[in-house]
Amino acid sequence: MEVFVQQLINGITLGSIYGLIAIGYTMVFGIIGMVNFAHGDVFMVSAFVALIAFLVLTTWLGIASVTLALFIVLIVAMVLTGVLNWAIERLAYRPLRGSFRLAPLISAIGMSIFLMNFVQVAQGPRNKSIPPLLSGEFVLMGGSGYQVTLSYKQIMVWVVTAVLLAAFWWLVSRTALGRAQRACEQDQKMASLLGVDVDRTVSITFVMGAALAAVAGTMYLMYYGVISFADGFTPGVKAFTAAVLGGIGSLPGAVIGGLLIGLVETLWSAYFSIDYKDVAAFSILAVVLIFLPQGLLGRPEVEKV
Amino acid sequence: MRASPAPALLEVEHLTMRFGGLVAINDLCFTARRGEITALIGPNGAGKTTVFNCITGFYKPTEGRIAVAHGDARLWSELDALTLCGDRKLTRPDGALFLLERMPDHLVTRQAKVARTFQNIRLFSGMTVLENLLVAQHAPLMVASGFTLLGVLGFPSYARAERAAVDKARHWLALTGLIERADEPAGALPYGAQRRLEIARAMCTDPVLLCLDEPAAGLNPRESAALNDLILTIRDAHNTSVLLIEHDMSVVMEISDHVVVLDYGVKIADGSPAAVRNDQKVIAAYLGVADDEVEAAEAEVGL
Amino acid sequence: MSPNGATPLALRAVKDAAIWGAVALGLFVPLIALQAVQDIRGELRLETRWPLLVVLVALVVAGSLLNSLVITPWQERRARAAPRPDGSAGRFAAGLGRWFPPFAIGFVTVFPFLALWLVGFQGGLKWIDNFGIQILIYVMLGFGLNIVVGLAGLLDLGYVAFYAVGAYSYALLAKEFGLSFFTLLPLAGILAAFWGILLGFPVLRLRGDYLAIVTLAFGEIIRLVLINWVPVTNGYAGISGIPRPTFFGIPFNASDSGFAAVFGLEFSPIYRSVFLYYIILALALVTAFVTVRLRRLPIGRAWEALREDEIACRSLGIDTTTTKLTAFAIGAMFGGFAGSFFAARQGFISPESFTFMESATILAIVVLGGMGSQIGVAIAAVAMIGGTELLRELDALKAVFGREFDPTQYRMLLFGFAMVLIMIWKPRGLIATRDPSVFLKERKAVSGSLVKEGHG
């Protein structure tokens, strides 16, 4: 029981990170129907930006308050990653919009390879680890020798995720921007005829997805304390899996899918085998899709004859 | 009019199709006879295409039976026995009986020999006209190629079969006036030619029943008249009966032997073109007036 | 251009350049100007590279100006000048289809001797092995995936799984049972095809991106199993000492019964490389030949029809399930052949060789080549694989950037960048036209704009 609760806590933390990345996939897919394969690497770049911003703040400027430093790091990472994704969309995807379906996918894969190797060349191939932050924890359940703990870091991940998701939810469901996004999702041509600036809406979508990935990147760096240039791929694929599992195109689906993948992974590691945790996550995906081809919350595709 | 009615080819009984709460077809019964052109007409949204999708296996009907008989008409007496035993087909040397609602779509075409066209033309647009017609002869060519194995090894039997298939395609290209465009991509043909190609492609599957979903839609009067001739040729010279959805009444009234009228998923009339034309309910359905105002409406449109 | 028209163009160009310069500055300050370096105590500290930042931002600004002042106007002029008539594709493509294959086959047949003659035994080994064999492996993989993606229109992101199945089948069976390469080659292909069907079955109902992600997941699952099933696969450490192919029983080694000794030649590793080169060349040619045949058979036409319109296929009596499965199986089989050759050539395999990067590279070759075009796939493989191998040769750049400059680091960076550029340049691939499989009077290539790309 204690083990289960502990893994639940760990799983939700990991799942929040996946969920944040998954939203980027699902939003971009919803609006222009492409799988943004570079998104995992955008996440990785954001963690590097956060790392460097953190180092600037602590070693150069000597800011002592960890909370303040984290807050600034988060803002810097979100802004710069947003700019990065804006630039990627303009350079690598916009010229291919409306063309052959596989062309943007290949372009995105190329971009993913580029970003990964760019960071490797610019920042070096070795793992970068930061000193542990916020190392306190609450003991929730004692007894029988196994302590269930909830660390400050986990609380931070939960709170930041929840706050940003709420803000994001408000943005896409209550503002004119969100309405424009939904209009572009339905029919870009019609939306542009009705005065929606499609290019701008798509750009903003990429910026928003990147900002959420930057939140995930910052949280990932703080939670695990280590990042390397190759760390974009696996979380990226897992988050994509989460987005598809939840029903690609569906925002709540992405969060639910992320939490599910996070939980499956941690529970599997705890009870079965840590080596096969990724196999478990991918198998769940395959099984769910075979029985529920549109994902958990996706709209069923009606076959029009 | 023939003296005695031809034997039935297709028997649709108590066909009902619901999508969630929406009843698209409600308890529809009708018969299409051998050697006849049966037209299925009705206002927009009456459920005509849904009937086609049920017959050709694309939809599984909620209720009802759809049967096709080849060969000896006496096979129809076995229909209830076949339905009870749970099989989907009964084959005898003198003919065969099929329960279409139990068959997957590709077997409806391959075994029960019911072919169709689509309201929104569905050609293989990146393949040439000739290739489109060869894809339609997939099943026999597959056998001739030894399920690919002999074909890869270059056995001559496949080359012979392919030549025969090209000959059949040429026959249909000549009939549809497309022979000059055989090597052009199907997607580059003008609209009317695409419609004709789709019919030719369906005919290359050697059907006993051809289901045409609005073949005259978007055609000009000259093309429409040519289409009439083509459909009559199919009926008379190729031993294929036709089931037709059409809005163009000049086509329906001129060539069909039998008309079934649907409105809101329910059959409202069934008979010869002349009888249906004068049916009060049909006129009301098309003109959208209550039954007692029909006469006034008729006078207005000059019927 | 009138002076009135010129000013806004220049003004816009400057504005764009300023925006891109600012973007580059914003991104490069943290990522390039500042570098997180671990010191001796393992703590991170920052090092600065301001001059490099200035150079790179200047490059970005220059690139933006070049694009808006030269490239874009040139493209617009060209687009206005020659509106290509639609439908009938260029004669050039049709001509290419006729003269290119014999020429290419002739060239690759004499290539090893050409290389030996031009650069001698020492340099020739590199050209035959790193370039010839490496490229041909990818040509073969490209041909195999082309069946699934290019012809049947099913997006498969996990193709490397079948390559791995072939490689491990050969490695394990050859080491366990001592069977020869030529016995195991077909067996590896059949095993891979079997896995193709096994993995194909559950995913047949999925379409488009769902299919893509599940195939990616299967590729990853197979790789993870290879990593973790240590008793059989030896995990990360991989399998070494895999038996190499022999020349009708004569091994290629320095012993008295070795190839060199038997034929009275001086021992050199080059003989094995030339032999391997001809094996993979034969395999690639067989693949190409079989694919050409398949396209003219009903199964091949059914694949292409499936790519064009699945519903119409069903209405014509085509069983789409078996049609898709055969595409998966035959594509997988060729992947399996390539895999077992790879294992035999390397003598060592590990899960490292079967990452998603490989699947992505093969898919890029297929898309870049022009979906469905075998000539395109071959050219794309030469460009992508040969190109990245050439980047290893950039030692000359050390003279420019100093001795510490390591050009191989930039190999994958440029590879990724090239993928993006090529897609923007030719989104439909190098050879976008489709060659019809049969004709009545005249073979006319079909314009790429009419060919669909499939939904699965």
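Cut-offs and rules
Residues numbered from 1 in each chain as written. Chains lettered and ligands numbered in written order. Predicted model: local features only at pLDDT ≥ 70, side-chain atom pairs only at ≥ 80, totals over all residues. Heavy atoms only, no water. UniProt positions renumbered as here; feature names shortened; annotations may be inferred. Axes fitted to C-alpha atoms, helices over the stretch in contact; angles between N-to-C directions. Helix = DSSP H or I, 4+ residues; strand = E, 2+ residues; numbered from the N terminus. Parallel < 35°, antiparallel > 145°, perpendicular 65-115°, else oblique. Left-handed = near helix turned anticlockwise from the far one by under 90°. Contact = heavy atoms within 4.5 Å. Nonpolar A, V, L, I, M, F, W, Y, C, P; charged D, E, K, R; others polar. Buried area = accessible area lost by both parts, 1.4 Å probe. Salt bridge = Lys/Arg side-chain N within 4 Å of Asp/Glu carboxyl O. Polar contact = N/O pair within 3.5 Å; in protein donor to acceptor, adjacent residues only side chain to side chain. Expected span 1.5 Å × (residues − 1). Buried < 20%, exposed > 50% of the residue type's maximum accessible area, 1.4 Å probe, protein only.

- Looking at an unreviewed UniProt entry, one finds chain B named ATP-binding cassette domain-containing protein, with Rhodoplanes serenus as its source organism.
- Database annotation for chain B, UniProt heading Sequence similarities (unreviewed entry): "Belongs to the ABC transporter superfamily."

- In the annotation of an unreviewed UniProt entry, the entry for chain A reads Branched-chain amino acid ABC transporter permease LivH, and the organism field reads Rhodoplanes serenus.
- As stated in UniProt under Sequence similarities (unreviewed entry), the record for chain A gives "Belongs to the binding-protein-dependent transport system permease family. LivHM subfamily."
- Quoted verbatim from the Subcellular location (unreviewed entry) heading of the UniProt record, the comment on chain A is "Cell membrane".

1. Side note on the packing of helix α2 (residues 39-60) of chain A against helix α8 (residues 198-224) of chain A
Residue and element names in this part refer to chain A.
Moving on, step 1. Running from amino to carboxyl end, α2 crosses α8 at an angle of 60 degrees, the nearest separation of the two axes being 7 Å. Overall, the two elements α2 and α8 adopt an arrangement that is oblique. When the axes of α2 and α8 are compared, the crossing they make is right-handed. Contacts from His39, Val42, Phe43, Ser46, Ala47, Ala50, Leu51 and Phe54 of α2 reach α8 at Gly209, Ala210, Ala213, Ala214, Ala216, Gly217, Thr218, Tyr220, Leu221 and Met222.
Moving on, step 2. Within the contact of α2 with α8, the residues separate by chemical class into 13 nonpolar, 5 polar and no charged.

2. Quick look at the interface of chain A and chain C
Moving on, step 1. Contacts between the two partners involve 69 residues from chain A, matched on the other side by 63 residues from chain C.
Moving on, step 2. Its largest share of buried area at the contact with chain C, chain A owes to Phe100, Arg101 and Ile106 of chain A, together 12% of the area lost on that side.
Moving on, step 3. Applying the counting criterion to the chain A and chain C interface returns 0 salt bridges.
Moving on, step 4. At the boundary of chain A with chain C, the tally comes to 7 residue pairs in polar contact (both at pLDDT 80 or more).
Moving on, step 5. Of all the secondary structure elements, the ones that give two or more residues to the side of chain A that touches chain C are α2, α3 (66-93), α4 (102-123), β1 (128-129), α9 (233-246) and α11 (277-291) of chain A.
Moving on, step 6. In terms of residues, the side of chain A that touches chain C owes the most to one element, α4 of chain A, which gives 15 residues.
Moving on, step 7. Grouping the amino acids of the side of chain A that touches chain C by side-chain chemistry returns 47 nonpolar, 13 polar and 9 charged.

3. Regarding α9 of chain A
In an α-helix, one full turn covers 3.6 residues, which means residues spaced three or four apart are oriented alike.
Moving on, step 1. Compared with an ideal rise of 1.5 Å per residue, which puts 14 residues at 20 Å, α9 of chain A spans 20 Å between its outermost C-alpha atoms and is within 8% of the ideal.
Moving on, step 2. For α9 of chain A, the tally of buried residues reaches 12 of 14 residues, placing the bulk of the element in the interior.
Moving on, step 3. Within α9 of chain A the residues assigned to the buried category are Pro235, Gly236, Val237, Lys238, Ala239, Phe240, Thr241, Ala242, Ala243, Val244, Leu245 and Gly246 of chain A.
Moving on, step 4. Looking at the buried positions of α9 of chain A, the neighbouring elements they touch are α1 (2-32), α2, α8, α10 (251-271) and α11 of chain A together with α6 (208-228) of chain C.
Moving on, step 5. Gly247 of chain A sits one or two residues past α9 of chain A and shows a positive phi near 105 degrees.

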